[in-house]
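Residues per chain are reported as follows:
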Amino acid sequence: RAGGRRRGARLMPVTAPADRRFLRAQVKPARRRTAWAPRLRAAGRVAAVAALGWLAWGGARMVASSSLLQIEDLHVTGNVRMSRGEVLALVDGLRGRNILSVQLDEWRERLLECPWVADASLRRSLPSEVEIAIVERTPLAIARIGEDLFLVDERGVLIDEWGPRYEDLDLPILDGLAGKAGPDEDARRAALADRLLRDVRRQPDIGRRISQVDVSDPHNAVVIVDQDTARVRLGDRDFLARLRAYLEVAPALREQVPEIDYVDLRFGERLYVASLDAARAGSRGAARGAR
């Protein structure tokens, strides 16, 4: 028949597309994140930081204990009156310490405790040397305090007791300081003496003649020159000009007043002279009045 199958023809199977919505085996489920994975990563980071810290600590210990970084040499500069041994005695114990960890400020304070040391600095020089620079005090005069004599600087600081060790120093005697009892007042008086000596030393032949300086009155410096017993009152300024004026007229004054107690040059061109006889008479009168 026209609409029928042909005899002998083979039948071919036809595959119909299935609904993919029902092929559940072909859908791959998403992986579930476990709760312990972030913790493992955090633990790894902590372990890495701890390892680095341990390495740093171990390295620091190795550096601290390294014999290559132990202080062996102490190089001293700036000392003039102080011997190298005296400086090293002040920092006894510094040698052998680790050069990186040692606190140099503490050792500087030890140096400053010495009256001779005005300032000091310490500097590391790797691998094993510390450089010590000293600034010594400069003696201004020989201060007479009571029955004792001391070297003193321009700030009134007592440096050391005067003795044969310092006989090479050509310094005047300084009166008027109280010593440690009055440091502020002594600083003012020593500053007056310093200004005076600096001024008169501009003319060395006059500066060398200053034998004694009295600053009991911080506004009036009194000096005594060599081969003269008169006390010369110079005030607090124009020291060289006033002292030069006195030295020019001193021979003539001696002819008129053989024994001079003091000469006052604080009043311009006027010069006032007091004799020892008048001073003795005044002292006797005061003594009689006190009876």
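Treat the numbers as computed from the prediction; the structure is a model and nothing was measured.

### Examining helix 6 (residues 239–256)
Then step 1. Over its 18 residues, helix 6 extends 25 Å from the first C-alpha to the last, a length consistent with the 26 Å expected when each residue adds 1.5 Å.
Then step 2. Maximum bend of helix 6: about 50°, positioned at A250, with proline P251 one to four residues after it.
Then step 3. By the burial criterion, the buried members of helix 6 are F239, L240, R242, L243, Y246, L247, A250 and L253.

### With respect to the packing of aromatic side chains
Then step 1. A full pass over the atoms with the stated rule returns three aromatic pairs.
Then step 2. An angle of 45° between the planes, with centres 6.0 Å apart, marks the rings of W116 and Y166 as tilted. Of this pair, W116 sits in the loop between helix 3 (104–112) and strand 2 (117–125) while Y166 sits in the loop between strand 6 (158–161) and strand 7 (173–175), and the two are 50 residues apart along the sequence.
Then step 3. Residue classification places Y166 among the buried positions, given a relative accessible area of 1%.
Then step 4. One aromatic cluster in this structure is built from W116, W162 and Y166.
Then step 5. Directly above the ring of W107 sits R110, whose terminal nitrogen or CZ lies 4.1 Å from the centroid.
Then step 6. Here R233 stacks its cationic end above the ring of Y262, 3.6 Å away from the centre of that ring.

### Considerations on a nonpolar patch on the surface
Then step 1. A cluster of nonpolar residues, V249, L271 and V273, forms a patch on the protein surface that exposes about 180 Å² of accessible area.
Then step 2. Mapped onto the secondary structure, L271 falls in strand 12 (residues 270–275).
Then step 3. By relative accessible area, L271 is classed as partly exposed at 30%.

### Focus on the side chain of D199
Then step 1. Following the sequence through the fold, D199 ends up in helix 4 (residues 183–200).
Then step 2. Within the local environment of D199, its side chain forms a polar contact with the side chain of R202, the two groups lying 2.6 Å apart.

### Concerning the sheet that holds strand 1 (residues 73–77)
Then step 1. Read from one edge to the other, the open sheet built from three strands follows the order 1-3-2, with strand pairing classed as mixed. In the strand order of this sheet, the two ends are held by strand 1 and strand 2, each with one partner. On average, each strand axis in the sheet is tilted by 20° relative to the strand beside it, whichever way the strands run.
Then step 2. Pairing of strand 2 with strand 3 (residues 129–136) involves eight bridges; the strand directions are antiparallel. Directly across from D119, in strand 3, lies its bridge partner V135.

### What to know about the confidence of the model for the chain
Then step 1. In this model, the chain carries an average pLDDT of 84, and 73% of its residues clear a pLDDT of 70 or more.
Then step 2. Across residues 1–5, where pLDDT falls below 50, the model places zero contacts with residues more than four positions away in sequence or in other chains.
Then step 3. Across residues 283–291, confidence stays below pLDDT 50; counting only partners more than four residues off in sequence or on other chains, it has zero contacts.

### Some details on the pattern of salt bridges
Then step 1. Counted by the stated rule, this structure contains 16 salt bridges.
Then step 2. By sharing partners, the salt bridges in this structure join R108, E109 and D119 into a single network.

### Section: the sheet that holds strand 8 (residues 210–217)
Then step 1. With respect to topology, nine strands assemble into an open sheet ordered 6-5-4-7-8-9-10-11-12, the strand pairing being mixed. The sheet is open, and its two edges are formed by strand 6 and strand 12, each paired on a single side. Pairs of neighbouring strands in the sheet enclose a mean axial angle of 30°, with direction left out of account.
Then step 2. As paired strands, strand 11 (residues 260–267) and strand 12 are joined by five bridges and run antiparallel to one another. Pairing of D264 across the sheet is with Y272, part of strand 12.
Then step 3. Helix 6 rests against strand 8, strand 9 (220–225), strand 10 (231–235), strand 11 and strand 12 of the sheet, and its axis sits at about 140° to strand 11.

### Focus on the pairing of strand 10
Then step 1. Sheet topology note: the strand 9/strand 10 ladder contains three bridges and is antiparallel. Across the sheet, the residue bridging to V222 is R233, located in strand 10.
Then step 2. Linking strand 9 to strand 10, which pair antiparallel, is a turn of five residues; within it Q227 sits at a positive phi near 60°.
Then step 3. Relative to strand 11, strand 10 is paired through three bridges, and the arrangement is parallel. Its bridge partner being in strand 11, R233 is matched across the sheet by D264.
Then step 4. Once the chain exits strand 10 it traverses helix 6 before rejoining the sheet at strand 11, and the crossover so formed is left-handed.

Here is what the cut-offs are and how they apply
- Residues numbered from 1 in each chain as written.
- Predicted model: local features only at pLDDT ≥ 70, side-chain atom pairs only at ≥ 80, totals over all residues.
- Heavy atoms only, no water.
- Helix = DSSP H or I, 4+ residues; strand = E, 2+ residues; numbered from the N terminus.
- Expected span 1.5 Å × (residues − 1).
- Bend = angle between axes of the 7 residues up to and from the residue.
- Buried < 20%, exposed > 50% of the residue type's maximum accessible area, 1.4 Å probe, protein only.
- Phe/Tyr/Trp six-rings, centres within 6.5 Å; stacked < 30°, edge-to-face > 60°.
- Lys NZ or Arg CZ within 6 Å of the ring centre and 35° of its normal.
- Patch = residues over 30% accessible without salt bridge, like charges linked within 9 Å, V, L, I, M, F, W, Y side chains within 5 Å.
- Areas by Shrake-Rupley, 256 points an atom, 1.4 Å probe, with all protein chains shown as cover.
- Salt bridge = Lys/Arg side-chain N within 4 Å of Asp/Glu carboxyl O.
- Polar contact = N/O pair within 3.5 Å; in protein donor to acceptor, adjacent residues only side chain to side chain.
- Pairing = 2+ DSSP bridges.
- Axes fitted to C-alpha atoms, helices over the stretch in contact; angles between N-to-C directions.
- pLDDT = per-residue confidence, 0-100.
- Contact = heavy atoms within 4.5 Å.
- Right-handed = clockwise from strand over helix to strand, strands pointing away.

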